[in-house]
Amino acid sequence: MASLSNRVAAITGASSGIGLASAIALAREGAAVVLGARRRDRLDAAVREIEAAGGRAVAIEMDVTREADNERLVASAHAAFGRLDVVMCNAGFGYYGTLEDTPPEVMRRMMDVNYLGSFLGARAALPVFRAQGSGHLIFVSSIVGRRGIPFMGGYSATKSAQAALAESLRSEFAGSSIHVTCVYPISTRTEFHAAMERDYGHAVSGLGPRQSVAHVARAIVACVQRPRPELYPHRGSHALAILNIVAPGFTDRLVRKYGRGRDAAAQAPRDGHA
Ligand SMILES: NC(=O)c1ccc[n+]([C@@H]2O[C@H](COP(=O)([O-])OP(=O)(O)OC[C@H]3O[C@@H](n4cnc5c(N)ncnc54)[C@H](OP(=O)(O)O)[C@@H]3O)[C@@H](O)[C@H]2O)c1
């Protein structure tokens, strides 16, 4: 596998979960990492951990919904380490509930963070990648961006939007040294569900197969070493996307059984989710 010792990666949503695990794993392989998120204390702790292990890292307090913050993330990579090779658009959150239970302002915020955050991250990175003639954009979508699941329609739509953006960009840069990857994790043990509970009072868990955050991070590191168009960290989850094309009605019933949360919780009023 290619050494990452001369690479610089900027990662949004790096204060916990997939973003943090990927930053640590990339730093372990020698990459310098720029960690972006809102919780400064978490970012500082991550930088200390990476540096204590001999790695190179800086923290940027940022909100992915702000264009200037994304530009600052990219500029900080240059300022700290002199280049930028990878931008991982990973920050995101979910919401559980029927469509009528999903307030429009929550949907707007979810679109802003999950989709617009990726758009703005890519928009900040691409001028740098074009100028140097190389770069790697990584969008962390979800398997639900390939096949929507019940009671997470709003969230699934934001993940589909990321996937469509990745595909369009990928075809624009096909044959060049600018790579675009879309990552489709399945249910992963992170703070994702705790954040949903903290912000919206939903206690939700995956009903189907799960994977560890370390597993996802390892797959992302391998993808940085050898870029690929799509990454399904859980082997076999790709089959769901194919099955959905071939047998959408059957897949409706399958994802209802193995989606997230429980029907009883979904039908209950909002306070009933906790
Ligand atoms: N866990 C799963 O089951 C799963 C499955 C498939 C896909 N994913 C996707 O994986 C990505 C990472 O999620 P995770 O599972 O690692 O959850 P997580 O542990 O909750 O991490 C989410 C990260 O996003 C950051 N974030 C949220 N809003 C932000 C904003 N406005 N600006 C900047 N950073 C923001 C959070 O940091 P701050 O709060 O400090 O800002 C945190 O670092 C998400 O896009 C999610 O949709 C997760």
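As shown above, the structure is provided for reference.
Figured I'd write up the structure that's included with this text. (Residues numbered from 1 in each chain as written. Predicted model: local features only at pLDDT ≥ 70, side-chain atom pairs only at ≥ 80, totals over all residues.)

Section: the overall build of the protein chain
The helix and strand inventory of the protein chain stands at 10 helices and seven strands. Its C-alpha atoms give the protein chain a radius of gyration of 18 Å, near enough to 19 Å, the size a compact globule of 274 residues would have. When the backbone C-alpha atoms are referred to their principal axes, the protein chain occupies close to 50 × 40 × 30 Å. The buried share of the protein chain, taken over its 274 residues, is 46%. Partitioning the intrachain contacts of the protein chain with sequence separation of at least 6 by distance along the chain shows that 71% fall at a separation of at least 24. (Helix = DSSP H or I, 4+ residues; strand = E, 2+ residues; numbered from the N terminus. Rg over C-alpha atoms; globule rule 2.2 N^0.38 Å. Buried ≥ 20, exposed ≤ 12 C-beta atoms within 10 Å, placed from the backbone. Contact = placed C-beta atoms within 7 Å.)

So, the packing of helix H3 (residues 67-81) against helix H4 (residues 104-132)
Relative placement of two packed helices is described by the angle separating their axes and the distance separating the axes. Packing of H3 against H4 leaves a shortest axis separation of 8 Å and a crossing angle of 40 degrees. For the element pair H3 / H4, the angle class is oblique. H3 and H4 meet at a crossing whose hand is right-handed. Across the interface between the two elements, Glu67, Asn70, Glu71, Leu73 and Val74 of H3 pack against Leu120, Gly121, Ala124, Ala125 and Val128 of H4. Class assignment for the residues of the contact of H3 with H4 results in six nonpolar, two polar and two charged. (Axes fitted to C-alpha atoms, helices over the stretch in contact; angles between N-to-C directions. Parallel < 35°, antiparallel > 145°, perpendicular 65-115°, else oblique. Left-handed = near helix turned anticlockwise from the far one by under 90°. Nonpolar A, V, L, I, M, F, W, Y, C, P; charged D, E, K, R; others polar.)

Notes on the sheet that holds strand E1 (residues 8-12)
Reading across from one edge, E3-E2-E1-E4-E5-E6-E7 is the order of the seven strands in this open sheet, with parallel pairing throughout. At either end of the open sheet lies a strand with only one pairing partner, and these are strand E3 (56-61) and strand E7 (230-231). Pairing of E1 with strand E4 (residues 86-89) involves three bridges; the strand directions are parallel. Residue pairing across strands places Ala10 opposite Val87, the latter belonging to E4. Docked against the sheet, helix H5 (residues 153-172) engages strand E5 (135-140) and strand E6 (178-183), running at close to 160 degrees with respect to E6. (Pairing = 2+ DSSP bridges.)

Some thoughts on the site of the ligand
Inspection of the region around the ligand gives 31 residues, with Gly13, Gly17, Arg38, Arg39 and Gly92 positioned closest. Of all the elements in the fold, those that place two or more residues in the shell around the ligand are helix H1 (17-28), H4 and helix H6 (192-200). It is H1 that contributes the most residues to the shell around the ligand, three residues altogether. (Near = placed C-beta within 6 Å.)

Comments concerning helix H2 (residues 40-52)
Taking 1.5 Å of rise per residue, 13 residues should cover 18 Å, and H2 covers 18 Å from first to last C-alpha, within 8% of that figure. Among all positions in H2, only Leu43, Ala46, Val47 and Ile50 are buried. Taken around the axis of H2, the buried residues stretch over an arc of 100 degrees, which confines them to a single face. For H2, exposure combined with an orientation more than 90 degrees from the buried face picks out Asp41, Arg48 and Ala52. (Expected span 1.5 Å × (residues − 1). Arc of directions from axis to C-beta.)

A word on the environment of Glu172
By secondary structure assignment, the location of Glu172 is in helix H5. Here Glu172 falls in the exposed class, since 11 other C-beta atoms lie within 10 Å of it. Considering only alpha carbons, one finds Glu172 and Ser237, 65 residues apart in sequence, at a separation of 27 Å.

What to know about the packing of H4 against H5
Across the interface, H4 lies against H5 with an axial gap of 9 Å and an inter-helix angle of 15 degrees. Considered as vectors, H4 and H5 are oriented roughly parallel to each other. For H4 against H5, the interelement crossing comes out right-handed. The residues of H5 that touch H4, namely those facing Met107, Met110, Met111, Asn114, Tyr115, Ser118, Phe119 and Ala122, are Gly154, Tyr155, Thr158, Lys159, Ala161, Gln162, Leu165 and Leu169. Tallied by class, residues from the contact of H4 with H5 come to 10 nonpolar, five polar and one charged.

Here's the deal with the pairing of E5
Within E5, six of the six residues are buried, leaving the element largely enclosed by the surrounding structure. The two faces of E5 match: Gly135, Leu137 and Phe139 on one face and His136, Ile138 and Val140 on the other face are all buried. With six bridges connecting them, E5 and E6 associate as parallel partners. Paired with Gly135 across the two strands is Ile178, which belongs to E6.

Points about the nonpolar core
The biggest cluster of nonpolar side chains holds 81 residues, and the ones touching the most others in it are Ala9, Ala23, Leu26, Val33 and Leu35. Excluding anything up to four places from it in sequence, Leu26 contacts Leu4, Ala9, Ala31, Val33, Val221 and Val224. (Core = buried A, V, L, I, M, F, W, Y, C linked by C-beta atoms within 7 Å.)

Topic: H6
In an α-helix, one full turn covers 3.6 residues, which means residues spaced three or four apart are oriented alike. Restricting attention to buried positions, one finds in H6 the residues Phe192, His193, Met196 and Tyr200. Summarising the axial view, the buried residues of H6 lie within an arc of 100 degrees, below the 170-degree limit, and thus occupy one face. Away from its buried face, by an angle of more than 90 degrees, H6 presents the exposed residues Ala194 and Arg198. Check the buried side of H6 and you find it contacts H1.

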